[in-house]
Amino acid sequence: KKLAILSVRGILTDEQKTTLIEDAVKYNCKIIAITETHIPDTELEEEISIINEDNTINNYILYSANKEGNTNSTQGVGFLIEKSLSPKFQRISDRIVTAKIELKKRNISLIAAYAPTLPMSKANPSISEAFYETLDTTISKTAKRDFLFILGDFKAKTGSLHHSFPNEIGAYGKGHHNENGIALAELCVQNNLYVTNTMFMHRLSHRTTWTAPMRHFATKDGTQRRNPIRNMIDYIITRKNIKHTITNARSYSGIITDTDHKLVI
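Draft legend 1. Structural detail: the overall build of the protein chain. The number of helices and strands found in the protein chain is four helices and 15 strands. Computed over the C-alpha atoms, the radius of gyration of the protein chain is 18 Å, within 12% of the 18 Å expected from 2.2 N^0.38 for a compact globule of 265 residues. Seen through its C-alpha atoms, the protein chain measures out along the principal axes to roughly 55 × 40 × 40 Å. Split by element, the accessible area of the protein chain, about 13100 Å² in all, is 49% carbon and sulfur. The averaged location of the 28 negative side-chain charges in the protein chain is 9 Å from the averaged location of its 34 positive side-chain charges.

Structure representation (structure tokens):
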């Protein structure tokens, strides 16, 4: 079974929605948490279907949430979930939503999160504090027996935090860390969580989740960088007591959705 996170940079048109489903089908993802939907509705639920070449039909439900009374936003967070899973969706805030899938023996609880940017957090720390407090409360309300997955664009660099948080952050991050990374690691400590896509040794291009839109940047000495600026900022997180059930976690760049982020599965 596969689940994923993708920052879509807008999913307003029928073409954008169809493209996202095509990526879900291509990578066999039953669940994709999505951020930056740009959908202004406070809460939205929409059924979307595509017909495959063999005339089979893939039915998904698109869920999204945003600020109340908002009419034009670059934010928005939600899920694309295969209809047959019949999830129970809930808007927690304009940055956090949940979905519960009831199974015969054990439920799956999903949390999609879209963290404020680091500049926004520094300019107004209360925004970041409110985000993590709400996320912490949402996690604590999740049944201990549930399979819990937190999927999000956290704007968090965690690369060098493995040494300080070895039980929460794996050895296969990227680069250094930032303040958002520390906040995320501390959240994991408080809730007994582990960041799955830092667990597995993959080539760097399969660990990074975001690529700067402009490919070439000058280095400190004025020469051009050989490679684009890439970071790992999107994560799939689960409880430590079920991390052994995760067989792989990495990013994929072969999607057709128009975004500067990669699909993390």
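Draft legend 2. Fine view of the pairing of strand β9 (residues 147-153). When you tally the buried positions in β9, you get six out of seven residues, the bulk of the element. Looking at chain direction, strand β8 (residues 108-114) and β9 are connected through seven bridges and run parallel. Paired with A113 across the strands is G152, a residue of β9. As defined by bridge partners, β9 adjoins strand β13 (residues 234-239) across five bridges and the pair is classed as antiparallel. By the bridge assignment for β13, I150 is matched with I237.

Draft legend 3. Representation of the packing of aromatic side chains within the structure. Enumeration over the complete set of coordinates arrives at four aromatic pairs. Seen from their ring centres, Y63 and F89 are 4.9 Å apart, and the 25 degrees between their planes marks the pair as stacked. Placement of Y63 in strand β4 (residues 57-65) and of F89 in strand β6 (residues 88-91) is noted, with a sequence separation of 26 residues between them. Note on Y63: relative accessible area 4%, which makes it buried. Looking at F89, the relative accessible area reads 16%, which means it is buried. Measuring from centroid to centroid gives 4.9 Å for F131 and Y132, while their planes differ by 85 degrees, and the two rings are edge-to-face. The class of F131 is buried, set by a relative accessible area of 4%. The rings of F131, Y132 and F154 are connected pair by pair, giving a single aromatic cluster. Seen from the ring of Y194, K243 lies directly overhead, with NZ or CZ sitting 3.8 Å from the centre.

Draft legend 4. Representation of helix α1 (residues 14-26) in the model. Here α1 spans 18 Å end to end across 13 residues, near enough to the 18 Å set by a 1.5 Å rise per residue. All of the buried residues in α1 are K17, T19, L20, I21, D23 and A24. Where the residues of α1 are buried, they touch β1 (3-7), β2 (31-35), β3 (43-51), β4 and β5 (77-82). Trailing α1 by a residue or two, N28 shows a phi angle of about 55 degrees, which is positive.

Draft legend 5. Quick peek at the sheet that holds β8. Read from one edge to the other, the open sheet built from six strands follows the order β6-β7-β8-β9-β13-β10, with strand pairing classed as mixed. Either end of the sheet is taken by a strand with one partner, and the two such strands are β6 and β10 (193-195). Here the average twist between neighbouring strands, direction ignored, is 20 degrees. Set on the sheet, helix α4 (residues 179-191) makes contact with β10 and β13; between it and β10 the angle comes to about 140 degrees.

Draft legend 6. Inspection of unusual backbone geometry at higher detail. With a phi angle near 50 degrees, S86 is a residue other than glycine that sits in the positive phi range. Note that S86 resides in the loop between β5 and β6. Classification of S86 as exposed rests on a relative accessible area of 52%. At N192, a position not held by glycine, the phi torsion is positive, near 60 degrees. In this fold, N192 is placed in the loop between α4 and β10.

Draft legend 7. Highlighting the packing of helix α3 (residues 125-140) against α4. Running from N to C, α3 and α4 cross one another at 25 degrees; their axes reach a closest spacing of 11 Å. Overall, the two elements α3 and α4 adopt an arrangement that is roughly parallel. The crossing of α3 and α4 is right-handed. Between α3 and α4, the contacting residues are Y132, L135, D136 and I139 on the first element and N180, A183, L184, L187, Q190 and N191 on the second. Its residues assigned to classes, the contact of α3 with α4 shows six nonpolar, three polar and one charged.

Here is what the cut-offs are and how they apply
- Residues numbered from 1 in each chain as written.
- Predicted model: local features only at pLDDT ≥ 70, side-chain atom pairs only at ≥ 80, totals over all residues.
- Heavy atoms only, no water.
- Helix = DSSP H or I, 4+ residues; strand = E, 2+ residues; numbered from the N terminus.
- Rg over C-alpha atoms; globule rule 2.2 N^0.38 Å.
- Areas by Shrake-Rupley, 256 points an atom, 1.4 Å probe, with all protein chains shown as cover.
- Lys, Arg positive; Asp, Glu negative; His and termini not counted.
- Charge placed at Lys NZ, Arg CZ, Asp CG, Glu CD.
- Buried < 20%, exposed > 50% of the residue type's maximum accessible area, 1.4 Å probe, protein only.
- Pairing = 2+ DSSP bridges.
- Phe/Tyr/Trp six-rings, centres within 6.5 Å; stacked < 30°, edge-to-face > 60°.
- Lys NZ or Arg CZ within 6 Å of the ring centre and 35° of its normal.
- Expected span 1.5 Å × (residues − 1).
- Contact = heavy atoms within 4.5 Å.
- Axes fitted to C-alpha atoms, helices over the stretch in contact; angles between N-to-C directions.
- Parallel < 35°, antiparallel > 145°, perpendicular 65-115°, else oblique.
- Left-handed = near helix turned anticlockwise from the far one by under 90°.
- Nonpolar A, V, L, I, M, F, W, Y, C, P; charged D, E, K, R; others polar.

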